[in-house]
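Letter by letter, the chains look like this.
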Amino acid sequence: MPQDASPDNVISLDAIRAARRQPALSLVEDYWESLREDRLVPRRDDVEPAALAGGLSRAFLIERVAPGLARVRVAGSHLTELLGMEVRGMPISALFEPHCRTRLAEALETVFARTAVVRIGLGCRGGIGRPALIGGMVLLPLLDRGEVRCALGALSMDGRIGRPPRRPEIRSMARRHLIGAGPAQGDGGAGLPA
């Protein structure tokens, strides 16, 4: 790594590429951007499921319950298919491999406490009755009762799901801060820098 390079100025292209391969992620993010208008963050009440018709099966709404923890309030059918059960009411961490949950908690705090958009590159390892999957997730902050305590998101995995549960691993992350925002930054596989 060049002498002047640091983790804060390295952009994780994997997370950005994963999001671009997933049209549902782009659709949900574009919708969120349209809700912002001239505001920093849209309100939870502004979200209308009918406007997400093309990405509704992959969309979800989460609510922060504690630092690094969020509960799924509403989830599309794709998430239910991945886990093999209804995910509404569950912690979002239940959708991920256990060894990735610390990184997910960091991503959630980046969204809620630092008011940022987070894009995550995902993958599921293959096995008997479970083909390898690749995909992505986007987390977009929402105001609720004057605080960023909710997020609109989308999670999409390419390919045949196979035998559930399919819990993805976090492969890469990129973030875009909305307050004092600079260019998108990534972690290249480590934790999200402050």
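Calculation criteria
Residues numbered from 1 in each chain as written. Predicted model: local features only at pLDDT ≥ 70, side-chain atom pairs only at ≥ 80, totals over all residues. Heavy atoms only, no water. Buried < 20%, exposed > 50% of the residue type's maximum accessible area, 1.4 Å probe, protein only. Helix = DSSP H or I, 4+ residues; strand = E, 2+ residues; numbered from the N terminus. Pairing = 2+ DSSP bridges. Salt bridge = Lys/Arg side-chain N within 4 Å of Asp/Glu carboxyl O. Polar contact = N/O pair within 3.5 Å; in protein donor to acceptor, adjacent residues only side chain to side chain. Expected span 1.5 Å × (residues − 1).

Caption draft 1: Geometry of the pairing of strand β3 (residues 116-124). Within β3, 9 of the 9 residues are buried, which leaves it mostly tucked inside the rest of the structure. Here β3 shows a buried face lined by Ala 116, Val 118, Ile 120, Leu 122 and Cys 124 and a second buried face lined by Val 117, Arg 119, Gly 121 and Gly 123. Sheet analysis places β3 next to strand β6 (residues 169-177), joined by 8 bridges and oriented antiparallel. Within β6, the residue paired with Val 118 across the bridge is Arg 175. Sheet topology places β3 next to strand β4 (residues 133-144); 7 bridges connect them, and they run antiparallel. Bridging across to β4, Val 118 finds its partner in Leu 139.

Caption draft 2: Expanded view of the pattern of salt bridges. Per the counting criterion, the structure on display carries 14 salt bridges. For Arg 145, the salt bridge goes to Asp 144, with nearest N and O atoms at 3.4 Å. You can call Arg 145 exposed: its relative accessible area is 63%. Between Arg 171 and Glu 169 there is a salt bridge, with the nearest N and O atoms lying 3.6 Å from each other. Salt bridges sharing common partners tie together Glu 29, Glu 33, Arg 36, Arg 119 and Arg 176.

Caption draft 3: Inspection of unusual backbone geometry at higher detail. Cis geometry marks the peptide bond from Pro 164 to Pro 165; its omega dihedral reads 5°. Backbone geometry at Arg 145 places phi at a positive 55°, although glycine is not the residue there. Of note, Arg 145 is situated in the loop between β4 and β5 (147-158).

Caption draft 4: Examining the side chain of Arg 175 more closely. Of note, Arg 175 is situated in strand β6. Exposure remark for Arg 175: the relative accessible area of 2% places this residue in the buried category. Of the polar contacts made by the side chain of Arg 175, one reaches the side chain of His 177; its length is 2.8 Å.

Caption draft 5: A look at the environment of Leu 25. For Leu 25, the position within the fold is in helix α2 (residues 23-36). On the accessibility criterion, Leu 25 (1% relative accessible area) is buried. Once the C-alpha coordinates of Leu 25 and Gly 135 are considered, the two residues, 110 residues apart in sequence, prove to be 9.8 Å apart.

Caption draft 6: Summary view of α2. A rise of 1.5 Å per residue sets the reference length of α2, with its 14 residues, at 20 Å; its end C-alpha atoms lie 20 Å apart and thus fit the reference within 8%. Looking at the residues trailing α2, positive phi occurs at Glu 37, about 50°.

Scope: geometric values only; no functional claims are made or implied.
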